[in-house]
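# Examination of the molecular architecture
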Amino acid sequence: MNNSLLQLLVLAGIALFLILKLRNVLGTRDGYETPPEERLERRAANSRNFEVIEGGPDRDITDHVADGTDAAKALAAMKMAEPGFNVSEFLQGARGAYEMILMAFENGDVDDLRPFLADDVMETFEQVIADRNEQGLSIEANFVGLRELALHDATFDRSSSEAELTVRFVAELTSVVKNASGEVIEGDANEIKKQRDVWTFARKMGTDNPNWALVATGG
């Protein structure tokens, strides 16, 4: 056997050894192999899934209600229906609305109340104000400040896109009731008292009208 043939056999043996070694390390491919385009799509999907997990809970929601609760799910659904909706911004608006509505009610300013109240709530407020006027009573109130503001509950009807947010308020104010002669018959103008309210605001999400209406009141 000449040297050339011997070298060829040695090289062939080395090549066969390397092939077997690679198959043991990398395995073999049998049957259907995913096309390159599908592999890229799968990688993209996995990447998107990873990003969702990495992002974690929405702090704008979990800062106000516990993660995973019905209220949290309702708030998430509101954000899906209206991506620009922000819970913290809503509560800031509710703070201003509460002071304005409360003071308008105490002072008997019906016209100032109407744009912010649902019809049935407006009827109740109007009746109370009318009864006061018939008795010759008037209220002088001063809003001192808001001690507590917290989201109490949230619900969302996906079929109608109707959202309801219930807010708990604790306010400080001074208030006196006077008779027709201007005499104080109840309260003290120098005494600050606390007032607790639980109000529910409603709005249809995804519409051009950004205003929330007061639909229920309670203590």
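On a predicted model such as this, the values are computed, not experimentally measured, just so you know.

### Details of the overall build of the chain
Along the chain, the regular secondary structure elements total seven helices and five strands. Mapped in sequence order, the helices and strands of the chain form the string α-α-α-α-α-α-α-β-β-β-β-β. Taken over 219 residues, the chain has a buried fraction of 31%. A fraction of 57% describes how many contacts in the chain between residues 6 or more apart in sequence connect residues 24 or more apart.

### Focus on helix α4 (residues 70–81)
With twelve residues, α4 ought to run about 16 Å at 1.5 Å a step, and its terminal C-alpha atoms sit 17 Å apart, in line with that. Where α4 is concerned, the buried positions are A71, A72, A74, L75, A77, M78 and K79. Those residues of α4 that are buried lie in contact with α3 (59–62), α5 (87–107), β1 (138–157) and β2 (162–178).

### Looking at the nonpolar core
Counting residues in each nonpolar core, the largest one holds 41 residues, and the members touching the most others are L75, M78, F85, F90, L113, L165 and F201. Every element with two or more residues in this core is listed here: α4, α5, α7 (119–134), β1, β2 and β4 (193–204). A total of ten residues in this core trace back to one element, the largest contributor, which is α5. Leaving out residues up to four positions away in the same chain, M78 has contacts with F85, A154, T155, F156, A163, E164, L165 and M205.

### Focus: the pattern of salt bridges
By the definition in use, this model includes nine salt bridges. The salt bridge partner of D111 is R114, with a shortest N-O separation of 3.4 Å. A residue is classified by how much of its surface remains accessible, and R114, at 41% relative accessible area, is partly exposed. Between K178 and E140 there is a salt bridge, and its shortest N-O distance comes to 3.0 Å. You can see K178 sitting in strand β2 and its partner E140 sitting in strand β1, a full 38 residues away along the chain. On the basis of relative accessibility, which here comes to 18%, the residue K178 falls in the buried class. With relative accessibility at 45%, the residue E140 sits in the partly exposed group. Residues participating in the shared-partner salt-bridge network are D58, D60 and K79.

### Quick notes on the packing of aromatic side chains
Applying the stated criterion to the full structure yields nine aromatic pairs. A centroid spacing of 6.1 Å and a plane angle of 80 degrees characterise the contact between F90 and F201, whose relative ring orientation is edge-to-face. Within this pair, whereas F90 is found in helix α5, its partner F201 is found in strand β4, the two being separated by 111 residues in sequence. Considered together, F90 and F201 belong to a single accessibility category, that of buried residues. Ring geometry for Y98 against F169: centres 4.1 Å apart, planes inclined by 5 degrees, an arrangement best described as stacked. Taken together, the positions of Y98 in helix α5 and F169 in strand β2 put the pair 71 residues apart, joining distant regions of the chain. Exposure remark for F169: the relative accessible area of 0% places this residue in the buried category. Three or more aromatic residues link up through ring pairs in this structure, and these residues are F85, F90, Y98, F143, F169, W199, F201 and W212. For R132, the ring lying beneath its charged end belongs to F105, and the centroid distance is 5.2 Å.

### Looking at the side chain of K79
As for its position among the elements, K79 is in helix α4. Its relative accessible area of 17% is what places K79 among the buried residues. A distance of 3.5 Å separates the side chain of K79 from the side chain of D58, its partner in a polar contact. Setting aside anything within four residues of it in sequence, one finds K79 in contact with D58, D60, I61, F85, N86 and V87.

About the thresholds
Residues numbered from 1 in each chain as written. Predicted model: local features only at pLDDT ≥ 70, side-chain atom pairs only at ≥ 80, totals over all residues. Heavy atoms only, no water. Helix = DSSP H or I, 4+ residues; strand = E, 2+ residues; numbered from the N terminus. Buried < 20%, exposed > 50% of the residue type's maximum accessible area, 1.4 Å probe, protein only. Contact = heavy atoms within 4.5 Å. Expected span 1.5 Å × (residues − 1). Core = buried A, V, L, I, M, F, W, Y, C linked by side-chain atoms within 4.5 Å. Salt bridge = Lys/Arg side-chain N within 4 Å of Asp/Glu carboxyl O. Phe/Tyr/Trp six-rings, centres within 6.5 Å; stacked < 30°, edge-to-face > 60°. Lys NZ or Arg CZ within 6 Å of the ring centre and 35° of its normal. Polar contact = N/O pair within 3.5 Å; in protein donor to acceptor, adjacent residues only side chain to side chain.

Shape is all these values report; function is a separate question.
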